[in-house]
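Inside the fold
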Amino acid sequence: MSNIIYRSDIKPELEQAIALYRHCSLGERRPITDSTRFKAMLDNANLVITAWHNDKLIGIARCLTDFVYITYLADLAVDEAYQKQGIGKQLIKEVKNNTHECCSITLLAAPSAVDYYGHIGFNAHPSAWILRDKSI
């Protein structure tokens, strides 16, 4: 779809982002019903790449980065109606275009996306760790 616009200069409105997450599998694993928390997730991301079809938000890459060494790709979401058109891959390319050429991208794949990332060039890493509570 050639009329998709990718932007790094704006963050979507909260309602636009919630609508997008509701239309993709990532919405099941994000606090989209807690608008204060979800808004903070958007506001505190320091690199957000969006994909737009006309005025509709259809994709997002929400990142935390130092821009030179590493970027954590916290969310890669594409509206289900627009998937399998290369939008996710282009969002990742736009992340690379907005960071240093040697800056790596790290992510935790959703269970349904595990095979996707290897297919587009990511390498699996065997030692990712998650601490979800205040146990230490």
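Below or above, wherever it landed, is the structure these notes cover. (Residues numbered from 1 in each chain as written. Predicted model: local features only at pLDDT ≥ 70, side-chain atom pairs only at ≥ 80, totals over all residues. Heavy atoms only, no water.)

**Overview of the packing of aromatic side chains**
To keep it simple, the criterion reads: Geometry of aromatic contacts follows a simple scheme: Phe, Tyr and Trp rings, the Trp one being its six-membered ring, pair when their centres are within 6.5 Å, and the pair is stacked under 30 degrees between planes, edge-to-face over 60, tilted otherwise. Comment: elements are numbered from the N terminus, with helices defined as DSSP H or I runs of at least four residues and strands as E runs of at least two. The rule is simple: take the accessible area with a 1.4 Å probe, protein chains only, and divide by the maximum for that residue type; under 20% is buried, over 50% is exposed, in between is partly exposed.
This structure, assessed with the given rule, holds three aromatic pairs. Note on Tyr21 and Phe38: the rings are 4.9 Å apart at their centroids and 80° apart in plane angle, and the pair reads as edge-to-face. In this pair, Tyr21 sits in helix 1 (residues 14-22) while Phe38 sits in helix 2 (residues 35-44), placing the two residues 17 residues apart along the sequence. Summarising the aromatic geometry, the rings of Tyr116 and Tyr117 are spaced 5.2 Å apart at their centres and angled 75° between planes, so their arrangement reads as edge-to-face. Residue class for Tyr116 comes out partly exposed when judged on its relative accessible area of 31%. Given the relative accessible area of 11%, Tyr117 is considered buried. Put simply, the rings of Tyr116, Tyr117 and Phe122 touch in pairs and so form one group of aromatic residues.

**What about the nonpolar core?**
Put simply, the test is: The nonpolar core is taken to be a set of buried Ala, Val, Leu, Ile, Met, Phe, Trp, Tyr and Cys residues, with the residues joined through side-chain atoms within 4.5 Å.
If you look at the biggest cluster of nonpolar residues, it comprises 20 residues, and the most contacted ones within it are Ala61, Leu73, Leu76, Ile87, Leu91 and Val95. Elements represented by at least two residues in this core include exactly strand 2 (47-53), strand 3 (56-65), strand 4 (70-78) and helix 3 (87-97). With four residues, helix 3 is the single largest residue contributor to this core. Leu14, Cys24, Leu57 and Ala77 belong to the second largest nonpolar core, which has 17 residues in total.

**Let's talk about the pattern of salt bridges**
Note the threshold: Only one rule defines a salt bridge in this text: a Lys or Arg side-chain nitrogen within 4 Å of an Asp or Glu carboxyl oxygen.
Applying the stated criterion across every chain yields a total of six salt bridges. Salt-bridge contacts for Arg29 lead to Glu28; the nearest nitrogen and oxygen are separated by 3.9 Å. Take Arg29: its relative accessible area is 33%, and that puts it in the partly exposed class. Residue Glu28 is classed as exposed on the basis of its relative accessible area, which comes to 67%. For Asp75, the salt bridge goes to Arg30, with nearest N and O atoms at 2.6 Å. Here Asp75 is found in strand 4, whereas its partner Arg30 is found in the loop between helix 1 and helix 2, with 45 residues between them in sequence. Through salt bridges that share partners, Arg30, Arg62 and Asp75 make up one connected network.

**A few points about the state of the cysteines**
Note the following rule: Put simply, a disulfide is two cysteine sulfurs that come within 2.5 Å.
Applying the stated criterion across every chain, the model contains zero disulfides. We note that Cys63 lacks a disulfide partner, and the nearest cysteine sulfur, in Cys103, lies 9.3 Å from it. Classification of Cys63 by relative accessible area gives buried; the value is 0%. On the accessibility criterion, Cys103 (1% relative accessible area) is buried.

Any link to function would need more than the numbers given here.
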